[in-house]
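# Coordinates in review
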Amino acid sequence: MYFQHVYDKTLAQASYFIGCQAKGEAIVIDAKRDIDTYLEIAKQNNMTITHIAETHIHADFLTGSRELAKVTGAKMYLSDEGGEGWQYEFDHVGVKNGDVIKVGNLTLEVIHTPGHTPESISFLLTDHPATNEPVMLFTGDFVFVGDIGRPDLLEKAAGLAGTQDAGAKQMYKSIEKFASLPEYIQVWPGHGAGSACGKALGAVPSSTVGYEKIRNWAFQFGDNEKGFTDFLLADQPEPPKYFAMMKKLNKVDRPLLIEVPKHAKLSKAEFLDAYEKGIKVIDTRNKADFAQGFIPGSINIQGNNSFATWCGWMLTYDEQFILVADESQMDDLTRKLMRIGLDNIYGFVDNVNDFGFELEKADVIDIDEFKTYLGKPNVQVLDVRGAAEYETGHVEGAENLFVGTLKDNLDKIDKNKQVVIHCQSGDRAAIAASLLHKNGVKVKNFSGGMAEWKKNNNLTVTK
């Protein structure tokens, strides 16, 4: 058996390339959309991708299963579980609990594991030339290392009322099924630390059934189903805005993108024309460089591992946008965006000084200045972290307005007051500050955030 764990650290998303070396056949599970990765693995190992599978209809990324099927001719094996409303709406081979997918001398048994979503399935792999006992379980968003999939996404992100309580109860039954498996079986989940599909995912890429039974919080409730469901639904992070669109696009027929697009560098005239038409500008530079000089109205979303997630909060799927980025970054940034279906890149520019603007500057303050604004009646202090982070501890007097929903809550900003913002360590505050600046709010950014605040032992944190 050939096995390769393919991990996209930008979305904390795992996919898997598994092959039978004797037969030269391979299956890819939960493929990302830039499929050249899998084609190269197949080429290097003299294998043909003959099977493609998904664990469920994903909400956090746009899968590349259909792109991969179009290029390779492989069949897609997708869940037919979950009942009405949870079926894929394009051609595929439907699989249900107990079905077996044969890839050369390997078999993958389908196990229906609802909870995160009603149609969720896992794949139990047996490498028959080595043993007739199963050796690996691919769990998707069912069981993670140290955590389990959240059942509230369908309700919070897709607006499907009542689904989170039903999902939590389904999850309770599914983990009982998981716990009955042999403890030596390796567990390979769909996500790692940093994913919004759970609240406490571990950074280790894989685990075992036995380890999860003693380590994972979800297996510590015994017969207390209510205690389990209450804990599962509590304090889940805000689901990114783009999740609802991903759930739709992964279910319905859609245009395919089989290659990573190349985007043009815009001339001065092209950029100014687009800028005057109101096309949004996303500046991907480091927050410190952005603060020193930026194009008026541009939004600072740094091109790091969280780039696609925050673009998913700030952009819609029907608008074009321009990136400020070095040409050497464009392939990486394009891949990050296409993994969540943000394909409407109008072009890019690499130097904000080229267009004749009087560049604006961000007002970044240190902790000493930040303290001078606290408790003042003419100051509004905003904590732009998530609600669960805020509830864990915050600066006394600070209001919580999550950066992802800030543009929908501008009416809560008092323009008659001095606005001062912070997050945990500065990245989200940089996004928020640029967004507020774009909307005419004069804002001071305490970039050190809660990380620096907590280091000052003489300062209090309110819960």
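Residues numbered from 1 in each chain as written. Predicted model: local features only at pLDDT ≥ 70, side-chain atom pairs only at ≥ 80, totals over all residues. Heavy atoms only, no water.

Note: strand 3 (residues 25-29) against strand 4 (residues 48-53), 5 bridges, orientation parallel. Within strand 4, the residue paired with Ile-27 across the bridge is His-51. On the question of chirality, the crossover connecting strand 3 to the parallel strand 4 by way of helix 1 (residues 36-44) is right-handed. Two elements, strand 4 and strand 5 (residues 75-79), share 3 bridges in a ladder whose sense is parallel. If you follow Ala-53 over to strand 5, its bridge partner there is Tyr-77. The β-α-β motif built from strand 4, the intervening helix 2 (residues 65-72) and the parallel element strand 5 has right-handed crossover chirality. (Pairing = 2+ DSSP bridges. Helix = DSSP H or I, 4+ residues; strand = E, 2+ residues; numbered from the N terminus. Right-handed = clockwise from strand over helix to strand, strands pointing away.)

Spatial strand order, 1-2-3-4-5-6: 6 strands in an open sheet with mixed pairing. With partners counted over all chains shown, the strands left at the sheet margins are strand 1 (2-8) and strand 6 (93-95), one partner each. Shown here is a sheet whose adjacent strand axes are inclined to one another by a mean of 25 degrees, direction ignored. Where helix 1 meets the sheet, it contacts strand 1, strand 2 (13-20), strand 3 and strand 4, and its direction lies at approximately 155 degrees from that of strand 1. (Axes fitted to C-alpha atoms, helices over the stretch in contact; angles between N-to-C directions. Contact = heavy atoms within 4.5 Å.)

Next up on the list: a nonpolar patch on the surface. Together, Leu-39, Val-71, Leu-256 and Ile-258 make up an exposed nonpolar region whose accessible area comes to about 280 Å². Its place among the elements puts Leu-256 in the loop between helix 7 (243-249) and helix 8 (268-276). Leu-256 sits in the partly exposed class, given a relative accessible area of 35%. (Patch = residues over 30% accessible without salt bridge, like charges linked within 9 Å, V, L, I, M, F, W, Y side chains within 5 Å. Areas by Shrake-Rupley, 256 points an atom, 1.4 Å probe, with all protein chains shown as cover. Salt bridge = Lys/Arg side-chain N within 4 Å of Asp/Glu carboxyl O. Buried < 20%, exposed > 50% of the residue type's maximum accessible area, 1.4 Å probe, protein only.)

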